[in-house]
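Below are the chains, spelled out letter by letter.
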Amino acid sequence: GHLLTSIKFLNWNCIVTWSFFYVFHKLFLSPDFLIRIYYYSPMKLSNLFSNYYTVRNEMVELTKDLTDEQLDWSPQGHTASIRKLLIHTAEAEYWWLSCVAAWNFENWDESKFPDDDSKEKVFVILKENFDNFSDYLDSTTTDEWDQIFYERPRGDKVSQRWLVWHVVEHQA
């Protein structure tokens, strides 16, 4: 009797669990529901790209205690050192946000990103551009993020979605 009661309970528990998942799937994961969420609930890009903050924090934590010699190391056959990759990450954030998104290409100042900056300056540059890009993500929503606002010389069409993904890829 005890085994039979346990089996009935397990079967009932499975039916209730599967019923819940079926209803949840139909209600909340249906394309109609997702469309309603997309159109009626614009999402801040800072929420959508929350992993950007985690990856940046990990990148800084992993590199902040490196010596200058370690920062200048690059794998055999590659010219980009760790220092250059950190600077390039900040450059990408600056270029795409302060120049392209702002339609202010005169803003570009390559001297802000020298490859031979001191370790302290590298992390100041990273912090400044991270803060600016974070503000952009926090103040921008998915409302019009597919609208094309710039076309690159090689033909890529740039929307906010493209811009954010491209910048986030630089630190990944």
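Predicted model only: the values in this text are computed from it and were never measured. (Residues numbered from 1 in each chain as written. Predicted model: local features only at pLDDT ≥ 70, side-chain atom pairs only at ≥ 80, totals over all residues. Heavy atoms only, no water.)

## Observations regarding the pattern of salt bridges
Consideration 1: What the rule picks out here adds up to 10 salt bridges.
Consideration 2: A salt bridge links E151 to K157, with the nearest nitrogen and oxygen atoms 3.5 Å apart.
Consideration 3: With relative accessibility at 47%, the residue E151 sits in the partly exposed group. (Salt bridge = Lys/Arg side-chain N within 4 Å of Asp/Glu carboxyl O. Buried < 20%, exposed > 50% of the residue type's maximum accessible area, 1.4 Å probe, protein only.)

## A few points about the pairing of strand β1 (residues 148–151)
Consideration 1: Pairing geometry for β1 and strand β2 (residues 157–159), over three bridges, is antiparallel. Paired with Y150 across the bridge in β2 is V158.
Consideration 2: In this structure, the hairpin formed by β1 and β2 is closed by a connection of five residues, where G155 is found at a positive phi of approximately 105 degrees. (Pairing = 2+ DSSP bridges. Helix = DSSP H or I, 4+ residues; strand = E, 2+ residues; numbered from the N terminus.)

## Notes on the environment of S98
Consideration 1: Position of S98 relative to the elements: it lies in helix α6 (residues 82–101).
Consideration 2: Relative accessible area serves as the criterion here: at 16%, S98 is assigned to the buried category.
Consideration 3: Considered as a pair, S98 and N132 are 34 residues apart in the sequence and their alpha carbons are 8.8 Å apart.

## So, the environment of W95
Consideration 1: The topology assignment puts W95 in helix α6.
Consideration 2: Owing to a relative accessible area of 26%, W95 belongs among the partly exposed residues under this scheme.
Consideration 3: In sequence terms W95 and N107 are 12 residues apart; their C-alpha atoms lie 8.4 Å from each other.
Consideration 4: Not counting residues within four places of it along the chain, the set of residues in contact with W95 comprises V100, F105 and W108. (Contact = heavy atoms within 4.5 Å.)

## Re helix α8 (residues 160–171)
Owing to its 3.6 residues per turn, the α-helix brings residues three or four apart onto one side.
Consideration 1: With 12 residues, α8 ought to run about 16 Å at 1.5 Å a step, and its terminal C-alpha atoms sit 18 Å apart, in line with that.
Consideration 2: If you check which residues of α8 are buried, you get Q160, L163, V164, H166, V167, V168 and Q171.
Consideration 3: Among the structural elements, α3 (45–48), α4 (51–63), α6, α7 (119–139), β1 and β2 are those in contact with the buried residues of α8. (Expected span 1.5 Å × (residues − 1).)

## Quick notes on the side chain of N129
Consideration 1: Structurally, the position occupied by N129 is in helix α7.
Consideration 2: Those residues in contact with N129, other than ones at most four positions away along the chain, are A90, E93, Y94 and F113.

## Focus on the packing of aromatic side chains
Consideration 1: Summed over all chains, the structure comprises 17 aromatic pairs.
Consideration 2: Arranged with centres 4.8 Å apart and planes meeting at 75 degrees, the rings of F49 and W165 form a pair that is edge-to-face. One end of the pair, F49, is in the loop between α3 and α4; the other, W165, is in helix α8, and 116 residues separate them in sequence.
Consideration 3: When the ring of F105 is compared with that of Y150, the centres are 5.5 Å apart and the planes differ by 35 degrees; the resulting orientation is tilted. Of this pair, F105 sits in the loop between α6 and α7 while Y150 sits in strand β1, placing them 45 residues apart in sequence.
Consideration 4: With a relative accessible area of 28%, F105 lands in the partly exposed category.
Consideration 5: In textbook terms, an aromatic cluster arises when at least three aromatic residues are bridged by ring pairs, as seen for Y94, W95, W96, W103, F105, W108, F113, Y150 and W162. (Phe/Tyr/Trp six-rings, centres within 6.5 Å; stacked < 30°, edge-to-face > 60°.)

## Focus: the nonpolar core
Consideration 1: The biggest cluster of nonpolar side chains holds 18 residues, and the ones touching the most others in it are W96, F133, L163 and V164.
Consideration 2: Within the residue set of this core, elements represented by two or more residues are α6, α7 and α8.
Consideration 3: Excluding residues within four positions of it along the chain, W96 makes contact with A101, Y150, R152, V158, W162, L163, H166 and V167.
Consideration 4: Counting 13 residues, the second largest nonpolar core, distinct from the first, contains M59, L66, F113 and F123. (Core = buried A, V, L, I, M, F, W, Y, C linked by side-chain atoms within 4.5 Å.)

## Thoughts on the confidence of the model for the chain
Consideration 1: Residue-level pLDDT values for the chain average 79, and 76% of them are 70 or greater.
Consideration 2: Confidence, expressed as mean pLDDT per element, reaches its minimum in the chain at helix α1 (residues 2–28) with 47 and its maximum at helix α5 (residues 68–71) with 93.
Consideration 3: Counting interchain partners and residues more than four positions distant, the pLDDT-below-50 stretch residues 2–25 has two contacts. (pLDDT = per-residue confidence, 0-100.)

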